[in-house]
Amino acid sequence: MDVFEVMRTQRSVKRFRTDPVDRGDIEAILTAATWAPNGSNRQAWEFLVVDDADTKAALAEVYRDSWNFLYRQRSTRRSFHDPRTAQAKMIRDSQHLKEHLEEAPVLILVCMDTSKNLVSTDGVMRMYWEEGNYTSTLPAVQNLMIAARALGLGTCLTTALNVFAERAKDVVDLPDEMRTIALIPLGYPEEPFRALNRIPAEESTHWNRWGNRIPSGSG
């Protein structure tokens, strides 16, 4: 499948069929994740694949508490959204995922190994390297999701679990040096993939100076 078509139809999937996911596909997806560019080639990512029902249920319980906490925070202040972002539907689908997360065939917990920081001193440099490792892990997440879509599998980027990360770490015995980055449900979507509805790129693109919407040499 053409990579642009993959990205154009890579929706956040929050409703999954119960069909099992082939282990070979999971391994192929994770291999693709490790091809991602990353700072200093430290490859600080770690992937924890969860397909055990009891473990998924325990993680889902932490996720629900985290999601509810975040939603309460959100509801205490006014939010302004472009109507084209379909916030109401997004929230409904997110609530469904919250209540049914453990029904996804697979959960992939993406983590960052903080021991791979290049410095271990406290202060600004430690923060700098941890941030570098964090941002270097995110391309692996995107690779994972693109590879899944290419194989007909759905994913959704979720970070709510990080609110109660220590509880989640206890569920799966993550060591202290591991930082949770994202929890990715994986499975076959209930509905077919279709083209995304996004605000046009030109509305968020500037050329050379902020506010200049016209490319150099145009018009």
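Refer to the structure above for everything that follows.
Below: a short report on this structure. (Residues numbered from 1 in each chain as written. Predicted model: local features only at pLDDT ≥ 70, side-chain atom pairs only at ≥ 80, totals over all residues. Heavy atoms only, no water.)

Some words on the sheet that holds strand β2 (residues 106-113)
Step number 1: Spatially, the 4 strands line up as an open sheet ordered β1-β2-β4-β3, and their pairing is antiparallel. Whereas interior strands pair on both sides, the edge strands pair on one side only; in this sheet they are β1 (45-50) and β3 (154-155).
Step number 2: Looking at chain direction, β2 and strand β4 (residues 178-187) are connected through 8 bridges and run antiparallel. Among the inter-strand pairings, V106 is bridged to a residue of β4, identified as L186.
Step number 3: Lying on the sheet, helix α2 (residues 23-33) is in contact with β1, β2 and β4; it crosses β1 at an angle near 165 degrees. (Pairing = 2+ DSSP bridges. Helix = DSSP H or I, 4+ residues; strand = E, 2+ residues; numbered from the N terminus. Contact = heavy atoms within 4.5 Å. Axes fitted to C-alpha atoms, helices over the stretch in contact; angles between N-to-C directions.)

Overview of the pattern of salt bridges
Step number 1: In total, this model carries 9 salt bridges according to the counting rule given.
Step number 2: Close ionic contact of R64 with E102 constitutes a salt bridge, the shortest N to O distance being 3.2 Å. Pair noted here: R64 is in helix α3 (residues 53-74) and E102 is in the loop between α4 (87-100) and β2, with a separation of 38 residues, a long-range link.
Step number 3: Between E191 and R194 there is a salt bridge; the shortest N-O distance is 3.6 Å. (Salt bridge = Lys/Arg side-chain N within 4 Å of Asp/Glu carboxyl O.)

Quick notes on the pairing of β2
Step number 1: Counting buried positions along β2 gives 8 out of 8 residues, so the element sits mostly inside the fold.
Step number 2: Judged by which residues are buried, β2 turns out to be covered on both faces: V106, I108, V110 and M112 on one side and L107, L109, C111 and D113 on the other are all buried.
Step number 3: Both β1 and β2 contribute to a ladder of 6 bridges, which runs antiparallel. Considered in β2, the bridge of V50 is made with L107. (Buried < 20%, exposed > 50% of the residue type's maximum accessible area, 1.4 Å probe, protein only.)

Treat this as a map of the structure, not an account of what it does.
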